[in-house]
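# Examining the three-dimensional arrangement
The primary structure of each chain is shown beneath.
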Amino acid sequence: RVLLSADSGRAAMTETTVYPGGGLVHIKNPHLESMEEDILHHLDLGTKTHNLPAVFGDIKFVCVGGSPNRMRAFAQFMHKQLGLAGDGEDLADICAGMDRYAMYRAGPVLSISHGMGIPSISIMLHELIKLLHHAKCRDVTIIRIGTSGGLGKIKLGTVVITDTAVDSSFKPRFEQVVLDDVVVQSTELDKDLAKELLACSKEISDFPALISHTMCAYDFYEGKTTFGRLDGYLKRAYNAGVRNIEMESTAFAALCGLCGLKGECFCILPCIHSLTQPEGLVWCEIQTTQEPKPHS
Ligand SMILES: O=P(O)(O)O[C@@H]1C[C@H](O)[C@@H](CO)O1
Ligand SMILES: O=c1cc[nH]c(=O)[nH]1
């Protein structure tokens, strides 16, 4: 059975089916409020062990990315940008107790790692969204800061801002198995936020950026062995509006859409190799060989 709307059937019972209202993150799990305690296991946080509204209630931006070190560097960077007290070098990892994800805060900005791929980001986002809900955060914007492989002739270091995340068939959908159902969710991202980010990039010199569709693969190798794809697949992807490929955007977009969070994916293309298609077109495949540095 394929459910096209998360409002119907099994999906309405999942913990991540949440709705906006007054800027708060509402979770449409009828059992959540009656639970004595909610343990956010992989974040090493919980409603009984931590005063979540006091610690996180003022969070307005959440930035997520694959690697723990990158997200610490990003939090330190934000600490400096926001002119917060101290040099920010000794920021503590809030989730250190579990050693799964790393979380740092700099003023109203939370910076969290999500690991690689959809299952990993999905687990983190489930717990993060419940954290924002329990903490009674309002009007939160969440941005994925990542790396990706590029399609077409895109300048080294370009930032691709995703308007829509698409699957391997270039469709704007996220297909997930929920118990014994296949649930399909929409993967549109916040178009106004994408335009806002593009406008910001134009205010900074030498900050190439563009808005496009992003394809999300299930695996680094089997899902997108781009060097092996000399059969026109990349051309079809390009013609469908795809300019970069990564591994989390559809799950990210679907969960942001469900909970009413303003969400955006923001990927940097760090290093470039070129590839010639049989059609004679030159395609660019970008491999992640270095961690992107935050732009100053
Ligand atoms: O945010 P990052 O740069 O960690 O995400 C991309 C997508 C995969 O998780 C990983 C593959 O190298 O990099
Ligand atoms: O998913 C990714 C991330 C970085 N570079 C790639 O080629 N793919």
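Residues numbered from 1 in each chain as written. Chains lettered and ligands numbered in written order. Predicted model: local features only at pLDDT ≥ 70, side-chain atom pairs only at ≥ 80, totals over all residues.

Our focus in this paragraph is the overall build of the protein. The helix and strand tally for the protein stands at six helices and 18 strands. Across the protein, every contact between residues at least 6 apart in sequence was considered, and the portion connecting residues at least 24 apart equals 74%. (Helix = DSSP H or I, 4+ residues; strand = E, 2+ residues; numbered from the N terminus. Contact = placed C-beta atoms within 7 Å.)

This paragraph deals with the site of ligand 1. Around ligand 1 sit 12 residues in total, of which Gly66, Met116, Gly146, Thr147 and Met247 are the nearest. By residue class, the composition of the shell around ligand 1 is three nonpolar, seven polar and two charged. (Near = placed C-beta within 6 Å. Nonpolar A, V, L, I, M, F, W, Y, C, P; charged D, E, K, R; others polar.)

The subject of this paragraph is the pairing of strand E9 (residues 141-147). Most of E9 sits inside the fold, with six of its seven residues counted as buried. Bridge count for strand E6 (residues 61-65) against E9 is four bridges, and the pairing is parallel. Each bridged residue has a counterpart across the sheet, and for Val64 the counterpart in E9 is Arg144. (Buried ≥ 20, exposed ≤ 12 C-beta atoms within 10 Å, placed from the backbone. Pairing = 2+ DSSP bridges.)

A word on the sheet that holds strand E8 (residues 109-113). Across the sheet, nine strands lie side by side as E7-E8-E6-E9-E16-E11-E14-E15-E10; this open sheet has mixed pairing. The sheet is open, and its two edges are formed by strand E7 (103-106) and strand E10 (149-150), each paired on a single side. Where E6 and E8 come together, five bridges link them in parallel fashion. For Val64, the partnering residue across the bridge sits in E8 and is Ile112. Seen against the sheet, helix H6 (residues 249-259) touches E9, strand E11 (159-166), strand E14 (209-216), strand E15 (242-246) and strand E16 (262-268) and runs at an angle of roughly 160 degrees to E16. (Axes fitted to C-alpha atoms, helices over the stretch in contact; angles between N-to-C directions.)

Let us look at the pairing of E11. Of all eight residues that make up E11, eight are buried, and the element is covered over most of its length. Two elements, E11 and E14, share seven bridges in a ladder whose sense is parallel. Considered in E14, the bridge of Val159 is made with Ala209.

Between helix H3 (residues 118-134) and H6, the shortest axis-to-axis distance is 9 Å and the interhelical angle comes to 20 degrees. Relative to H6, H3 is oriented roughly parallel. Crossing geometry of H3 relative to H6 is assigned as right-handed. Where H3 approaches H6, its residues Ile118, Ile121, Ser122, Leu125 and Ile129 are matched on the opposing element by Ala251, Phe252, Leu255 and Cys259. Partitioned by chemical class, the residues of the contact of H3 with H6 number eight nonpolar, one polar and no charged. (Parallel < 35°, antiparallel > 145°, perpendicular 65-115°, else oblique. Left-handed = near helix turned anticlockwise from the far one by under 90°.)

Positive phi, close to 60 degrees, is recorded for Asp44, a residue that is not glycine. Tracing the chain through its elements places Asp44 in the loop between strand E4 (39-40) and strand E5 (45-46). Since 20 C-beta atoms lie within 10 Å of it, Asp44 is described here as buried.

Moving on, we come to the nonpolar core. In this structure, Met103, Ile112, Leu131 and Leu255 are the most contacted members of the largest nonpolar core, which totals 67 residues. Once residues within four sequence positions are removed from consideration, Leu131 is found in contact with Leu40, Leu43, Leu45, Leu52 and Phe56. (Core = buried A, V, L, I, M, F, W, Y, C linked by C-beta atoms within 7 Å.)

No statement about biological role is implied by the geometric values presented.
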